[in-house]
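A structural walkthrough
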Amino acid sequence: MMDATLSQILDEADRLVRQGKADEAVGLLEACHLEHPEEEPVLLRLAWALWDRGASERSIACWEKLFDRELQRKVFTGFAFDELVRIYKQEGKHGSLIAVCERAACVQPGDVGLLEELGKAYLLAGQSRKACETFEKLTTLEPDNAVFFCRLGEALVAAGLYDAGEEAYRRAAGIDPGEADRFYLQAADLYLKAGQLNAARQLAARCLEIAPTNSLYHCFLGDILAAANDPAGAAAQYEKACFLNRPHAAAYMNRLGNSLLNAGLPADAVKAFEAALSVDDTTPCRSHLEQARRAAKQ
């Protein structure tokens, strides 16, 4: 292939990869890259071939070279950036993810998409205060963007700033009232996971004020009440959900049983699982029912 054109070499490398001969493709592309170091299609294919071969670190090094070149251009294409973000998230390399996002945001400070990616990287790495600062900047750049206020709310909750987080979600709901219940549900889920049950319950109640016939909102409120050690209240909400959507009654009661079991209320969970089976005896909850029965006897 030494006398072949660059296009022919690339076609041959593609053919080898398709045939599962990644080692041969890498060898061909490495030789080609030495001869044509500025040809980005060669480096791009080498990055993919190395990844297919399992040489992830060497593949990443190729993507980093491509990313360096992207940063030097007036028009930021972001292809290598997107690939590195995907890889670093997949590999759990949060430090490298932040470094890539910071470099891109520094070169393109007015790009809200890059800033949003940086804020998400900070959140993944547990750097919630930096995430707050980044999303706060985004809400300043685009004060009518409801999604950015939701992002800010998520970061504030992660930082333990619960009142401020709720206010951010209220701002999002005010910007886009048609999505208000979805925003409040997202917030309620975050507060539930953070153990802020009163706030979670209030937010779920707002969802139901907006959409009182949404059966899933009743289920979610029931989950919160189960976590708050209120099995009767949880069951009442699930009964409303079943009434609103009878074809899903068995699935809802199964979900209630799991919520009660996870909340340490096995006797109540037994009742919910039995109710699910009474509606549909094929409901996949028998193993959890037995688990709840054993726990209830202890």
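Residues numbered from 1 in each chain as written. Predicted model: local features only at pLDDT ≥ 70, side-chain atom pairs only at ≥ 80, totals over all residues. Heavy atoms only, no water.

Turning to the packing of helix 5 (residues 79-91) against helix 6 (residues 94-107), a few remarks are in order. Where helix 5 meets helix 6, the axes come as close as 9 Å, and the angle between the chain directions of the two elements is 160°. With respect to each other, helix 5 and helix 6 are oriented roughly antiparallel. For helix 5 against helix 6, the interelement crossing comes out left-handed. Here Phe81, Leu84, Val85, Tyr88 and Lys89 of helix 5 lie close against helix 6, whose contacting residues are Ser96, Leu97, Val100, Cys101 and Ala104. (Axes fitted to C-alpha atoms, helices over the stretch in contact; angles between N-to-C directions. Helix = DSSP H or I, 4+ residues; strand = E, 2+ residues; numbered from the N terminus. Parallel < 35°, antiparallel > 145°, perpendicular 65-115°, else oblique. Left-handed = near helix turned anticlockwise from the far one by under 90°. Contact = heavy atoms within 4.5 Å.)

Here we take up the packing of aromatic side chains. Applying the stated criterion to the full structure yields six aromatic pairs. Note on Trp48 and Trp63: the rings are 6.0 Å apart at their centroids and 70° apart in plane angle, and the pair reads as edge-to-face. Of this pair, Trp48 sits in helix 3 (residues 40-53) while Trp63 sits in helix 4 (residues 56-71), and the two are 15 residues apart along the sequence. Residue class for Trp48 comes out partly exposed when judged on its relative accessible area of 38%. Between Trp63 and Phe79 the ring centres are 6.0 Å apart and the planes differ by 50°, which places this aromatic pair in the tilted class. Within this pair, whereas Trp63 is found in helix 4, its partner Phe79 is found in helix 5, the two being separated by 16 residues in sequence. (Phe/Tyr/Trp six-rings, centres within 6.5 Å; stacked < 30°, edge-to-face > 60°. Buried < 20%, exposed > 50% of the residue type's maximum accessible area, 1.4 Å probe, protein only.)

Let's shift gears to the nonpolar core. Looking at soluble globular proteins, one finds that nonpolar side chains tend to be buried together. Formed by 52 residues in total, the largest nonpolar core has its most connected members in Trp63, Phe67 and Phe81. Broken down by element, this core gets its largest block of residues, seven residues, from helix 3. In this structure, Phe67 is in contact with Phe76, Ala80, Phe81, Leu84, Val100, Arg103 and Ala104, ignoring residues within four places of it in sequence. Ala180, Cys207, Leu256 and Cys285 belong to the second largest nonpolar core, which has 48 residues in total. (Core = buried A, V, L, I, M, F, W, Y, C linked by side-chain atoms within 4.5 Å.)

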